[in-house]
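Residue-level structure breakdown
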Amino acid sequence: RGLHIKNAVGWNTAKDAYNNFGSNRGKSAFFNDRGNANRGRFEHGGFGGGGGNSRWVEESRDDGDWSKPTPRNERLEHELFSGSNTGINFERYDDIPVEATGHNCPHHIESFQDLDLGEIIMGNIALSRYTRPTPVQKYAIPIIKSKRDLMACAQTGSGKTAAFLLPILSQIYTEGPGEALNAAKENGKYGRRKQFPISLILAPTRELALQIYDEARKFSYRSKVRPCVVYGGADIGQQIRDLERGCHLLVATPGRLVDMMERGKIGLDYCNYLVLDEADRMLDMGFEPQIRRIVEQDTMPHKGIRHTMMFSATFPKEIQILARDFLEDYIFLAVGRVGSTSENITQKVVWVEESDKRSFLLDLLSATGKDSLTLVFVETKKGADALEDFLYREGYACTSIHGDRSQRDREEALSQFRSGKCPILVATAVAARGLDISNVKHVINFDLPSDIEEYVHRIGRTGRVGNLGLATSFFNDKNGNITKDLLDILGEAKQEIPSWLESLAYEHQHKSSTRGRSKRFAGGFGARDYRQTAAGGNAGGFAGRGRNQGGHGGARGFGGGGFGNFYTSDGYGGNYSHSQVDWWGN
DNA sequence: AAAAAAC
């Protein structure tokens, strides 16, 4: 075996790798084959995953330059890069307005070559078939490369995962593991070692964490960086064993990460890069304590020392204020959409009484082509089960996803929906954010959500890959609280507004002191830097900063057609779901 | 009141 190890240092032959990597991750295989999925990384080919093996892996990473690519592995390369994700072709979208605000904002790039991202990253960009950076990447990459903190307001599907993974990994490759590696080595020789990831990415749902992890595997190909993912509902023993093989970049949902920290499996002492994806959700009432537990009440480097990045399609002012606790002198980035005439999501709101919803839904579904995907959102888990059951009895191939289903069932449902085997997915909020499902033609809000951010994220599941999207919402007198915000959204997106909705909004405004918004979101969810408003700036201690001190890029496209009423007194920005853009080029 | 997120 020793001989095998020595030989293996020269990396496995394609044949070895093939033999040792039997199970690809298709469908819901990930849950079952968690270990195999990671063993697929060629470093681990041929090893069962005991402590001794992971020592070998660790030591092999130890020496040498982290900036130099490790040898190719064709089997793995094929697995990582041949997927349906065909890269981003952005050539038609130079006119998307982006605004960067904050002190001394680094200049944006126009091409991946404009910055020294290093050999490994450039290779993986090529393998991913990315030709040019998307707008959020043009701005975020140099900001992150120059170690500035960042709050970025950009639609999912705009290439934001790569916008943080590329520069973070690039820097890890350039700078090497530093102290993190020594800490891991001192920790004990016989397995069960605490891992000290250099970068941590937190996401609000398990499926989203998985999706980010998949991207991380691509961009860490041929490097010494080993990405891992941990989330609830799956076997913790397998996740621990996977961590013990080495973990330099960790993607996690908060609860399972806290568990791992308390079990002594993860130490954040050397975690220099922190990303909160869907940051406004991560900082809302349900998640905030766990985020503070992870970021503030443990061993993570303080803000200003570590580097913190937040991404979301919505950023309510209240959340921006809260976010200051984690950020140091950050840049705020607002990424807009192509000119106001090219909305590719048609938003419809129809009045449907509760008792008529099912038959109305059947009408909609019968008018839908068989090969297009329809995502039906409901408010409750019970409602999701009941509706799935109903549709099933009506003869529709449908499935459902919600938090009371087993993790295995959740991943299976998502996979059947993605593949078109079940072209109708009934879902709760768990599927509203971040999931990249191509070819969703129709989003139906069977039940409207109670806050507008949720609405924005939900309808953003359609209109991707240049397809036209349709979003239909059932509205009745239970939805009074969202009336005003919905009206604003429809207006900004130049959508048809039913006259009854308009008069309802007017009535509601005079009935309700908070205009239907919860206190927490009283400031608007806007796509703008709250520091730029007089009130926000003063309240937040950022008084006296002029607008757009970053100095560049800001004025471009703003106040013009591109952002519509981006700077209305409400602070509602041009970054709603209709800002969903044909990022792929046709 | 309900969703999500650890066991």
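Structure first, text after, so check above.
Below is a summary of the structure that appears in this document. (Residues numbered from 1 in each chain as written. Chains lettered and ligands numbered in written order. Predicted model: local features only at pLDDT ≥ 70, side-chain atom pairs only at ≥ 80, totals over all residues. Heavy atoms only, no water.)

In the vicinity of DNA strand B lie 22 residues, with Thr-253, Arg-256, Gly-403, Arg-410 and Thr-428 positioned nearest. When atoms of DNA strand B within 4 Å of the protein are sorted by moiety, sugar and phosphate together comprise 83%. Arg-206 places a polar side-chain atom, nitrogen or oxygen, 3.1 Å from a phosphate oxygen of DNA strand B. A distance of 3.2 Å separates a phosphate oxygen of DNA strand B from a polar atom in the backbone of Gly-255. The greatest single-element share of the surface near DNA strand B, amounting to three residues, is contributed by helix 13 (residues 254-262). Residues that form the surface near DNA strand B fall into these classes: three nonpolar, 12 polar and seven charged. (Near = heavy atom within 4 Å. Polar contact = N/O pair within 3.5 Å; in protein donor to acceptor, adjacent residues only side chain to side chain. Helix = DSSP H or I, 4+ residues; strand = E, 2+ residues; numbered from the N terminus. Nonpolar A, V, L, I, M, F, W, Y, C, P; charged D, E, K, R; others polar.)

What follows covers the sheet that holds strand 11 (residues 398-401). Across the sheet, which stays open at both edges, the six strands sit in the order 9-14-13-10-12-11 with parallel pairing between neighbours. Only two strands of the sheet have a single neighbouring strand rather than two, namely strand 9 (345-351) and strand 11. Across the sheet, the axes of successive neighbouring strands diverge by a mean angle of 20°, strand direction being ignored. Sheet topology places strand 11 next to strand 12 (residues 424-427); four bridges connect them, and they run parallel. Looking at strand 12, one finds that Cys-398 is bridged to Ile-424. Where helix 17 (residues 357-366) meets the sheet, it contacts strand 9, strand 10 (373-377), strand 12, strand 13 (440-445) and strand 14 (469-475), and its direction lies at approximately 165° from that of strand 14. (Pairing = 2+ DSSP bridges. Axes fitted to C-alpha atoms, helices over the stretch in contact; angles between N-to-C directions. Contact = heavy atoms within 4.5 Å.)

Moving on, we get to the sheet that holds strand 2 (residues 150-153). The eight strands are arranged 1-8-2-7-6-3-5-4 in an open sheet whose pairing can be described as mixed. Among the strands making up the open sheet, the edge pair consists of strand 1 (98-101) and strand 4 (227-230). Put simply, the sheet's adjacent strands are angled 15° from each other on average, direction ignored. Where strand 2 meets strand 7 (residues 307-312), four bridges bridge the pair, whose relative direction is parallel. Bridged to Leu-150 within strand 7 is Met-309. Each of strand 3 (199-202), strand 5 (249-252), strand 6 (273-277) and strand 7 is contacted by helix 9 (residues 160-175), which is oriented at about 170° to strand 6, the strand it contacts most.

A separate point is the packing of helix 8 (residues 135-145) against helix 9. Where helix 8 meets helix 9, the axes come as close as 9 Å, and the angle between the chain directions of the two elements is 30°. Classified by the interaxial angle, the pair formed by helix 8 and helix 9 is roughly parallel. The element helix 8 and its partner helix 9 pack so that their crossing is right-handed. Counting all contacts with helix 8, which are made through Val-136, Gln-137, Ala-140, Ile-141, Ile-144 and Lys-145, the residues of helix 9 involved are Lys-160, Ala-162, Ala-163, Phe-164, Leu-166, Pro-167, Ile-168, Ser-170 and Gln-171. Class assignment for the residues of the contact of helix 8 with helix 9 results in 10 nonpolar, three polar and two charged. (Parallel < 35°, antiparallel > 145°, perpendicular 65-115°, else oblique. Left-handed = near helix turned anticlockwise from the far one by under 90°.)

Along a regular strand, successive side chains alternate from one face of the sheet to the other. Burial analysis of strand 6 places five of its five residues in the buried class, the great majority of the element. Neither face of strand 6 is open: one carries Tyr-273, Val-275 and Asp-277, the other Leu-274 and Leu-276, and all of them are buried. Summarising the sheet, strand 3 and strand 6 pair through four bridges and their orientation is parallel. Note on strand 6: the bridge partner recorded for Ser-199 is Tyr-273. Sheet topology places strand 6 next to strand 7; five bridges connect them, and they run parallel. For Tyr-273, the partnering residue across the bridge sits in strand 7 and is His-307. (Buried < 20%, exposed > 50% of the residue type's maximum accessible area, 1.4 Å probe, protein only.)

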